[in-house]
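Listed below, chain by chain, are the residues.
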Amino acid sequence: MKGTFPIDKFRELRTPFYYYDTKVLRETLSCVRTEAAKYGNFDVHYAVKANANPKVLSIIRENGLGADCVSGGEVRAAIKAGFPTNKIVFAGVGKADWEINLGLDYNIFCFNVESIPELEIINELAAAKGKVANVAFRINPNVGAHTHANITTGLAENKFGISMQDMDNVIDVALEMKNVKFIGLHFHIGSQILDMSDFVALCNRVNELQDKLESHRIRIEHVNVGGGLGIDYKHPNRQAIPDFKDYFETYAEHLKLRSYQTLHFELGRAITGQCGSLISRVLYVKQGANKKFAILDAGMTDLIRPALYQAYHKIENITSEEVVEAYDVVGPICESSDVFGKAIDLNKVKRGDLIALRSAGAYGEIMASSYNCRELPKGYTSDELV
Ligand SMILES: *Cc1c(COP(=O)(O)O)cnc(C)c1O
């Protein structure tokens, strides 16, 4: 089954471009809200790095989510899209002084801190402004995730977070400081996780750390378990909305949240992934020595995930119903890794056909580059094209 698209409108537009189906996005957001609201003390933030298209951001903001940012630029984008500053959290292993100052000036909800040197700088910059910054520590829980090696973040070998052995010391240091207030713990073990047992492993680790904190009489009000819920790249239509029910239930069942605590989530891919497609035109069909190439006007500069993570995106010829043939679907960039898929079954392709690369709403448009002096792809929502 293919996706449904306003093909006549598409024909008028310059390709390649991103297309966001706002019905899918709104239904996804409504499902997140409904499922999280069942628990009363669950607070969902959107990880802006997945997609910061202003129209997409504003729909997410309208649905009441907070924003999880990993750079000063993202903090600005979130504020511009109207996210309340007291619902913005700021993570990242290397925050520059101007980025910390920006967060301080806007009184964001919390800095997720990843080292003592960073904590010292936040304390110093907050002191200079006569402020007290809320901080949470990102703990590296040494929990693996069954996902691609480049998108696992919670192993001891990864650069992210503070090791569990150092946690007590860092908290002691923070409690001595006058211009930071220690409010909680933060975790994020990776991305595109579909096996709930990975999240169960995280819950078990959080429970151990919570018991340890309590034995030291340290009380925290916030636990943030990051994001990472995956999507079904193989079947974007059959499962357009991720199983948020199962996801939140897993945490409700396994994480021993204290009655006074709020559990925060930072979902990126699961929120925007399925609503987006990269739409491209076929430039040429080339007969190679032993296969056919469909050469698109979109390349790895528009959607880098296949080249970067060997990621799969479902590819559809949305303007042909002719008999299916196998093609290597490639872009025009001067790199051998500029391949979207090999031996892909597509309805017979001819020059000018429109090709959709599905499930490209997360880590798509935002990761585009101008390598080869190419123009960045535009993003359109279905609201604009009716
Ligand atoms: C990337 C990131 C997220 C979102 O990850 P998804 O897999 O897109 O849900 C959440 N929190 C932090 C700290 C991140 O770096």
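Residues numbered from 1 in each chain as written. Predicted model: local features only at pLDDT ≥ 70, side-chain atom pairs only at ≥ 80, totals over all residues. Heavy atoms only, no water.

## A short note on the UniProt feature "binding site: pyridoxal 5'-phosphate" (unreviewed entry) in the protein chain
- If you check UniProt for "binding site: pyridoxal 5'-phosphate" (unreviewed entry), the listed places come out as G228, E266, L267, G268, R269 and Y363 in our numbering.
- The topology assignment puts G228 in the loop between β9 (222–224) and α9 (244–254).
- Aside from chain neighbours lying at most four places away, what touches G228 is H188, G190, S191, Q192, I193, F199, E266 and L267.
- Its place among the elements puts G268 in the loop between β10 (262–267) and α10 (269–272).
- Its relative accessible area of 5% is what places G268 among the buried residues.
- Once residues within four sequence positions are removed from consideration, G268 is found in contact with Y46, A47 and A50. (UniProt positions renumbered as here; feature names shortened; annotations may be inferred. Helix = DSSP H or I, 4+ residues; strand = E, 2+ residues; numbered from the N terminus. Contact = heavy atoms within 4.5 Å. Buried < 20%, exposed > 50% of the residue type's maximum accessible area, 1.4 Å probe, protein only.)

## Quick notes on the site of the ligand
- Taken together, 14 residues sit near the ligand, with K49, S191, E266, R269 and Y363 positioned nearest.
- S191 places a side-chain nitrogen or oxygen 2.3 Å from an oxygen atom of the ligand.
- Y363 places a polar side-chain atom, nitrogen or oxygen, 2.5 Å from an oxygen atom of the ligand.
- For the ligand, whose unbound accessible area comes to 390 Å², protein coverage reaches 94%.
- Among the residues making up the shell around the ligand, the classes are represented as three nonpolar, six polar and five charged. (Near = heavy atom within 4 Å. Polar contact = N/O pair within 3.5 Å; in protein donor to acceptor, adjacent residues only side chain to side chain. Areas by Shrake-Rupley, 256 points an atom, 1.4 Å probe, with all protein chains shown as cover. Nonpolar A, V, L, I, M, F, W, Y, C, P; charged D, E, K, R; others polar.)

## Regarding the environment of Y106
- Inspection of the secondary structure puts Y106 in the loop between α5 (97–105) and β5 (110–113).
- Taking the C-alpha atoms as reference, Y106 lies 27 Å from M367; in sequence the two are 261 residues apart.
- Excluding residues that lie within four positions of it along the chain, Y106 makes contacts with I79 and T85.

## A few points about the domain arrangement of the protein chain
- You can read the domains of the protein chain as domain 1 (22–273) and domain 2 (274–381).
- Domain 1 and domain 2 are separated by 32 Å when their C-alpha centres are compared.
- The partner domain 2 presents 23 residues to the 24 residues of domain 1 that form the contact.
- Taken together, both faces of the contact between domain 1 and domain 2 bury some 2100 Å²; the carbon and sulfur share is 54%.
- Taken together, domain 1 and domain 2 are joined by zero salt bridges.
- Summed over the shared surface of domain 1 and domain 2, the result is 13 residue pairs in polar contact (both at pLDDT 80 or more).
- At the level of secondary structure, the elements contributing two or more residues to the side of domain 1 that touches domain 2 comprise α2 (22–37) and α10. (Domains from an automatic or database assignment. Buried area = accessible area lost by both parts, 1.4 Å probe. Salt bridge = Lys/Arg side-chain N within 4 Å of Asp/Glu carboxyl O.)

## Remarks on the nonpolar core
- Counting residues in each nonpolar core, the largest one holds 94 residues, and the members touching the most others are F111, F137, F248 and Y251.
- Split by domain, this core shows at least three residues from each of two domains, domain 1 (22–273) and domain 2 (274–381).
- In this structure, F248 is in contact with V32, E35, A36, Y39, F42, V44, F265 and L267, ignoring residues within four places of it in sequence. (Core = buried A, V, L, I, M, F, W, Y, C linked by side-chain atoms within 4.5 Å.)

## Focus: the pattern of salt bridges
- On inspection of all chains with the given rule, the structure shows 21 salt bridges.
- In this structure, the salt-bridge partner of K129 is D105, at a minimum N-O distance of 2.8 Å. Highlighted residues: K129 in the loop between α6 (116–128) and β6 (133–140) and D105 in helix α5, separated in sequence by 24 residues.
- Owing to a relative accessible area of 33%, K129 belongs among the partly exposed residues under this scheme.
- Given a relative accessible area of 43%, D105 falls into the partly exposed group.
- In this structure, E325 and K292 form a salt bridge, with 2.7 Å as the shortest nitrogen-oxygen distance. Pair noted here: E325 is in strand β14 (residues 324–330) and K292 is in strand β12 (residues 292–296), with a separation of 33 residues, a long-range link.
- A residue is classified by how much of its surface remains accessible, and K292, at 25% relative accessible area, is partly exposed.
- By sharing partners, the salt bridges in this structure join D211, E214 and R258 into a single network.

## Quick notes on the side chain of H264
- Structurally, H264 is set in strand β10.
- With a relative accessible area of 3%, H264 lands in the buried category.
- When sequence neighbours within four positions are dropped, the list of residues in contact with H264 reads D43, H45, F109, H222, V223, N224, V225 and G226.

## Re the pairing of β5
- The alternating pattern of β5 places C110 and N112 and F111 and V113 on opposite faces, both of which are buried.
- Strand direction decides the pairing type here: strand β4 (residues 88–90) and β5, joined by two bridges, are parallel. Counterpart to V89 in the pairing with β5 is C110.
- For the segment spanning β4, α5 and β5, crossover handedness is right-handed.
- Sheet topology note: the β5/β6 ladder contains three bridges and is parallel. Within β6, the position partnered with F111 by the bridge is V135. (Pairing = 2+ DSSP bridges. Right-handed = clockwise from strand over helix to strand, strands pointing away.)

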